[in-house]
Number of protein chains: 2
Amino acid sequence: MSRFTPLDPRNLFKALESANPSDTLPSTKTLLDAVRFNEAGLLPAIAQQFDSGEVLMMAWMNREALEETLATQRVCYYSRSRQKLWRKGETSGQQQQLKTATLDCDGDTLLLQVDQTGPACHTGRRSCFYVSLSNEHATITSEPLIDPATLYGKK
Amino acid sequence: MSRFTPLDPRNLFKALESANPSDTLPSTKTLLDAVRFNEAGLLPAIAQQFDSGEVLMMAWMNREALEETLATQRVCYYSRSRQKLWRKGETSGQQQQLKTATLDCDGDTLLLQVDQTGPACHTGRRSCFYVSLSNEHATITSEPLIDPATLYGKK
């Protein structure tokens, strides 16, 4: 049994600050009980291409989405606009295969290393991050790999 | 003048979906008017080490923090717990020098490429992401570079 298991879930992430790679940790279920989902029950999840390091997107997960992602290794978010689970790529075919899922020190943000098929962005771009800001000016940093009309079957 | 400047701020990010790197964009001020800060006036900001690609942390910015960051090139967040601007490293000395700041397709998330001095995490670890989850088990993936008691002057 882990020396961290008997802790009150509210104190678990604080206690894990002093843990190290040789420690036996509580089960994933116990950790998920301690995850600090926001007032809407959601956790921000950053998706990063596992080999290139490119940050692809940020979306949200509820507990069900995170559990499904860990069980299936296919990334599932929670769509705030559609208010339901969103299996990434279910319409566009542009899926994310999970490599690793890592919580941060506060237990309130998740980093996903994924293998992204094609573009992550609904605009057809590889990454959702493409509006670069300087102090006075802004520029677009990338172009679509695929016409989004093709991606979503409108052509 | 940019062909996107006359647009209603609510439609600007939608219109930028079809923009490309050769387009002249509206000023940063006009873009910030269109950024979709959340109901608390905050935007999630992901910090990534510019050369290694390591994702270091996620924190929040209000408009003032983002404007200061772009003006000074030193990353400034908004601390939700202290309810004030948080110039990263002001206590620990572990600053972030801004390389690039890039908004996503929806204008509601920011990716910062930074040069991080030492550890980004208050635990003394390089990155805040160190609690790795599999379907059943969890592990700690990194150890502190520096004792946090040293970092915060308690030793």
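Per an unreviewed UniProt entry, chain A goes by Phosphoribosyl-AMP cyclohydrolase and derives from Vreelandella andesensis. Under the Function (unreviewed entry) heading, UniProt states for chain A: "Catalyzes the hydrolysis of the adenine ring of phosphoribosyl-AMP." As recorded by UniProt, the Subunit (unreviewed entry) comment attached to chain A reads in full: "Homodimer."

Q: Talk me through the environment of D33(B); I want residue IDs and the actual numbers.
A: All names here are of chain B. Along the chain, the position of D33 falls in helix α2 (residues 28-34). For D33, a relative accessible area of 41% translates into the label partly exposed. A sequence separation of 24 residues divides D33 from P9, and the C-alpha atoms of the two residues are 6.5 Å apart. Each residue touching D33, except ones within four places of it in the same chain, is listed here: P9 and R63.

Q: How would you explain the relation of the copies chain A and chain B if you had to name every residue and give the values?
A: Here chain A sits on chain B after a turn of 180 degrees about the axis and a move of 0.0 Å along it, with an RMSD of 0.0 Å. Such values leave the two copies arranged in the relation of a two-fold axis. No C-alpha of chain A lies nearer the rotation axis than that of G53(A), which sits 2.6 Å from it. Taken together, the interface assignments show that 100% of the residues at the interface of chain A recur at the interface of chain B, consistent with an identical surface on both copies.

Q: How would you sum up the UniProt feature "binding site: Mg(2+)" (unreviewed entry) in chain A? Please name residues and give values.
A: Using the residue numbers shown here, the UniProt feature "binding site: Mg(2+)" (unreviewed entry) corresponds to D104(A), D106(A) and D108(A). Within the secondary structure, D104(A) sits in strand β5 (residues 96-104). Judged by relative accessible area, D104(A) falls into the buried class, the value being 3%. If near-sequence neighbours (up to four positions away) are discounted, D104(A) is found in contact with F13(A), T109(A), C128(B) and F129(B). Note on placement: D108(A) falls in the loop between β5 and β6 (110-116). If we skip the residues at most four places from it in the chain, D108(A) touches R36(A), L43(A), P44(A) and R80(B).

Q: Which residues make up the domain arrangement of chain A, and what values go with them?
A: Residues and elements named next belong to chain A. You can read the domains of chain A as domain 1 (1-34) and domain 2 (35-151). For domain 1 versus domain 2, the separation of C-alpha centres amounts to 26 Å. Contacts between the two partners involve seven residues from domain 1 and, on the opposite side, 12 residues from domain 2. Together domain 1 and domain 2 conceal approximately 700 Å² of surface at their shared face, both sides included; 60% is due to carbon and sulfur atoms. The three residues of domain 1 that bury the most area against domain 2 are F13, L32 and A34, which together make up 75% of that side's buried surface. Across the contact surface, domain 1 and domain 2 share one salt bridge. As a salt-bridge pair, D33 and R63 come within 2.7 Å of each other at their nearest N and O atoms. Seen at the junction of domain 1 and domain 2, the total is four residue pairs in polar contact (both at pLDDT 80 or more). Per-element tally for the side of domain 1 that touches domain 2: the top contributor is helix α2 (residues 28-34), with six residues.

Q: Which residues make up the interface of chain A and chain B, and what values do they have?
A: Each side of the interface is counted separately: chain A has 54 residues, and chain B has 54 residues. Each partner contributes to the roughly 4,400 Å² buried at the junction of chain A and chain B, and carbon and sulfur atoms together form 64% of this total. Taken together, chain A and chain B are joined by two salt bridges. In this structure, the salt-bridge partner of D108(B) is R80(A), at a minimum N-O distance of 3.6 Å. Where chain A packs against chain B, one counts 22 residue pairs in polar contact (both at pLDDT 80 or more). If one sorts the elements of the side of chain A that touches chain B by residue count, strand β7 (residues 129-133) of chain A sits on top with five residues. Tallied by class, residues from the side of chain A that touches chain B come to 28 nonpolar, 16 polar and 10 charged.

Q: Outline the environment of T109(A), supporting the account with residue identities and numerical values.
A: Tracing the sequence through the fold places T109(A) in the loop between β5 and β6. Note: C-alpha distance between T109(A) and L43(A) (66 residues apart in sequence) is 5.9 Å. Setting aside anything within four residues of it in sequence, one finds T109(A) in contact with L43(A), P44(A), I46(A), T102(A), L103(A), D104(A), M58(B) and F129(B).

How each quantity is defined
- Residues numbered from 1 in each chain as written.
- Chains lettered and ligands numbered in written order.
- Predicted model: local features only at pLDDT ≥ 70, side-chain atom pairs only at ≥ 80, totals over all residues.
- Heavy atoms only, no water.
- UniProt positions renumbered as here; feature names shortened; annotations may be inferred.
- Helix = DSSP H or I, 4+ residues; strand = E, 2+ residues; numbered from the N terminus.
- Buried < 20%, exposed > 50% of the residue type's maximum accessible area, 1.4 Å probe, protein only.
- Contact = heavy atoms within 4.5 Å.
- Least-squares fit on C-alpha atoms with pLDDT ≥ 70 in both.
- Domains from an automatic or database assignment.
- Buried area = accessible area lost by both parts, 1.4 Å probe.
- Salt bridge = Lys/Arg side-chain N within 4 Å of Asp/Glu carboxyl O.
- Polar contact = N/O pair within 3.5 Å; in protein donor to acceptor, adjacent residues only side chain to side chain.
- Nonpolar A, V, L, I, M, F, W, Y, C, P; charged D, E, K, R; others polar.

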